[in-house]
Structure formats: structure tokens, C-alpha cells
Amino acid sequence: MRVGFGYDVHMLVQGRPLILGGVEVPYEMGLLGHSDADVLLHAICDAMLGAAALGDIGTHFPDTSPEYKGVSSMVLLERTAALVGARGFRLKNIDTTIVAQKPKLASFIPKMAGRISEAMGIAFDCISIKAKTTETLGFCGRGEGIAAYAVVLLEEVAG
Ligand code: MG
């Protein structure tokens, strides 16, 4: 078994859609980034790569590359899953926390888990997504950005 941890932050700005876990969440602001800035999927990618000791998301999908400009992070997640799978690891489960003061995310979580489940080929009940506020403290609490944490467990496949 191999454990991996990932963390990411993106800034909230006007004029961008808010994409979290591959789902567009209606809100007056969105996350700024080279890709669609899906902070949850980026944290999961980093956790997967971390567990396999394969570097990080910036190594594999550089934000200087035109190939990844505006790309859906679901594509990055699928490619990460393929990389990790090619190294002989199978994903067991994912546990995540999104830190956002606003908007309320609870009603979107099942859809996010469904998208991630499809992309990674693991059961819906192996994916946990939690949403927290910071009681208005810090940059998340002031609504300046959204953070995400992810932990994954990989199993080394015999062979
Ligand atoms: Mg990111």
C-alpha cells in the first residue's frame, strides 16, 4: 500500500466559471488558473502522483504549456490515473476536503464524486468529498480563494 497527499489553492476572480470536481457550480466568481483551475482535481492528481513518487502536477502538465491552456482538469485526472496505473498501482480510495467559505457545496458533492468515479474507474463509495468553511478566517474565509486537500491510497499490483 502507498499513501499520497495533495494540496492546492486557486484564487477566486470575476469572469470565470467555478469548476470543482469536474462540476460547474453556479457562483458569481470562479477560480483563476492556466487550466480550468479545478482545485479539487489538482489536489487529487498531486496525491496520486505523490503516492507513486512520480513528482507533481506541474512536472507532468506544466502551466507554461499551450496544450493545457483552458484544459478540463478531468483530462489531467485521467492522464494521472493512466500514469499511476502504468507504474503498477491500483487506486483503493480517495478522501478529500474542499475549503471554501462560499458557495455552499454540499448539494454538488454527489455529482463531483460521480464524475471522479467515472474518470478513475473506481466505485462511487471509494470517493469521499467534504466541504468546510474556515469560519471566515484567512484567505478562504475572506472568499479570496479556494483550497483543497486530498489523500489517496494506492495498492501495488503484483506482477
Ligand atoms: Mg492547481
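For the structure itself, consult the block above.
All of the points below concern the structure found in this document. (Residues numbered from 1 in each chain as written. Predicted model: local features only at pLDDT ≥ 70, side-chain atom pairs only at ≥ 80, totals over all residues. Heavy atoms only, no water.)

With that settled, the discussion passes to the nonpolar core. For soluble globular proteins, nonpolar side chains are generally found buried alongside one another. Ile44, Ile116 and Met120 are the most contacted members of the largest nonpolar core, which totals 49 residues. Ranked by the residues each element gives to this core, the list is headed by helix α1 (residues 39-51), at 10 residues. Aside from chain neighbours lying at most four places away, what touches Ile116 is Gly21, Leu40, Leu41, Ile44, Met74, Leu77, Ile94, Ile127 and Ile129. (Core = buried A, V, L, I, M, F, W, Y, C linked by side-chain atoms within 4.5 Å. Buried < 20%, exposed > 50% of the residue type's maximum accessible area, 1.4 Å probe, protein only. Helix = DSSP H or I, 4+ residues; strand = E, 2+ residues; numbered from the N terminus. Contact = heavy atoms within 4.5 Å.)

Our next topic: a nonpolar patch on the surface. On the surface, Val3, Phe5, Tyr7, Val9, Phe139, Tyr149 and Val151 cluster together to form a nonpolar patch covering roughly 610 Å² of accessible area. When residues of the nonpolar patch are traced back to their parent elements, those giving at least two are β1 (2-14) and β7 (145-156). Considering each element in turn, the nonpolar patch owes the most residues, 4 residues, to β1. (Patch = residues over 30% accessible without salt bridge, like charges linked within 9 Å, V, L, I, M, F, W, Y side chains within 5 Å. Areas by Shrake-Rupley, 256 points an atom, 1.4 Å probe, with all protein chains shown as cover. Salt bridge = Lys/Arg side-chain N within 4 Å of Asp/Glu carboxyl O.)

On to the side chain of Thr96. Structurally, Thr96 is set in strand β5 (residues 89-99). Using a relative accessible area of 2% as the deciding quantity, one classes Thr96 as buried. One polar contact links the side chain of Thr96 to the main-chain carbonyl oxygen of Ser128, over a distance of 2.8 Å. With residues near it in sequence (within four places) discarded, Thr96 still touches Leu40, Ile44, Ser128, Ile129, Lys130, Tyr149 and Ala150. (Polar contact = N/O pair within 3.5 Å; in protein donor to acceptor, adjacent residues only side chain to side chain.)

Applying the stated criterion across every chain, the model contains 5 salt bridges. Two residues, Arg90 and Glu155, come together in a salt bridge whose shortest N-O distance is 3.3 Å. On the criterion of sequence distance, the pair formed by Arg90 in strand β5 and Glu155 in strand β7 is long-range, its members being 65 residues apart. On the basis of relative accessibility, which here comes to 23%, the residue Glu155 falls in the partly exposed class. The shortest N-O distance in the salt bridge between Arg142 and Glu144 comes to 2.8 Å. Taking the relative accessible area as the measure of exposure, Glu144 reaches 38% and is therefore partly exposed. Overlapping salt bridges bring together Arg90, Lys92 and Glu155 as one network.

Further remarks concern the coordination of the magnesium ion. In this structure, Asp8 (OD), His10 (NE2) and His42 (ND1) serve as the protein donors to the magnesium ion, at separations of 2.1 to 2.2 Å. In terms of primary sequence, the donors binding the magnesium ion are separated according to D-x1-H-x31-H. One end of the pair, Asp8, is in strand β1; the other, His42, is in helix α1, and 34 residues separate them in sequence. The exposure classification of Asp8 matches that of His42, with both residues buried. (Donors = N, O, S within 2.8 Å, 3.2 Å for Na, K, Ca; no water.)

The subject of this paragraph is the layout of surface pockets. Regions of empty space are outlined by a rolling probe, equal in size to a water molecule, passed over the atoms. Approximately 220 Å³ is the volume attributed to the largest pocket. Around the largest pocket, the lining is made up of 14 residues, and of these Ser35, His42, Ile57, Phe61 and Asp63 lie nearest the centre. Elements with a contribution of two residues or more to the lining of the largest pocket: β1, α1 and α2 (57-60). Considering each element in turn, the lining of the largest pocket owes the most residues, 3 residues, to β1. (1 Å grid on protein atoms, 1.4 Å probe; cavity = no way out; pocket = protein on both sides within 12 Å on 5 of 7 lines; lining within 4 Å. Points joined across faces, edges and corners; volume = space filled by probe spheres on them.)

Bringing the packing of aromatic side chains into the picture now. The final tally for this structure, using the stated rule, is 3 aromatic pairs. Both rings, one in Phe5 and one in Tyr149, keep their centres 6.4 Å apart while their planes meet at 35°; by these two values the pair is tilted. Remark: Tyr149 occurs in strand β7 and Phe5 occurs in strand β1; sequence separation between them is 144 residues. Among the residues examined, Phe5 registers a relative accessible area of 52% and is labelled exposed. For Tyr149, a relative accessible area of 36% translates into the label partly exposed. Among the aromatic residues, those joined into a cluster by ring pairs are Phe5, Tyr7 and Tyr149. (Phe/Tyr/Trp six-rings, centres within 6.5 Å; stacked < 30°, edge-to-face > 60°.)

Bear in mind that shape data such as this cannot, by itself, settle questions of function.
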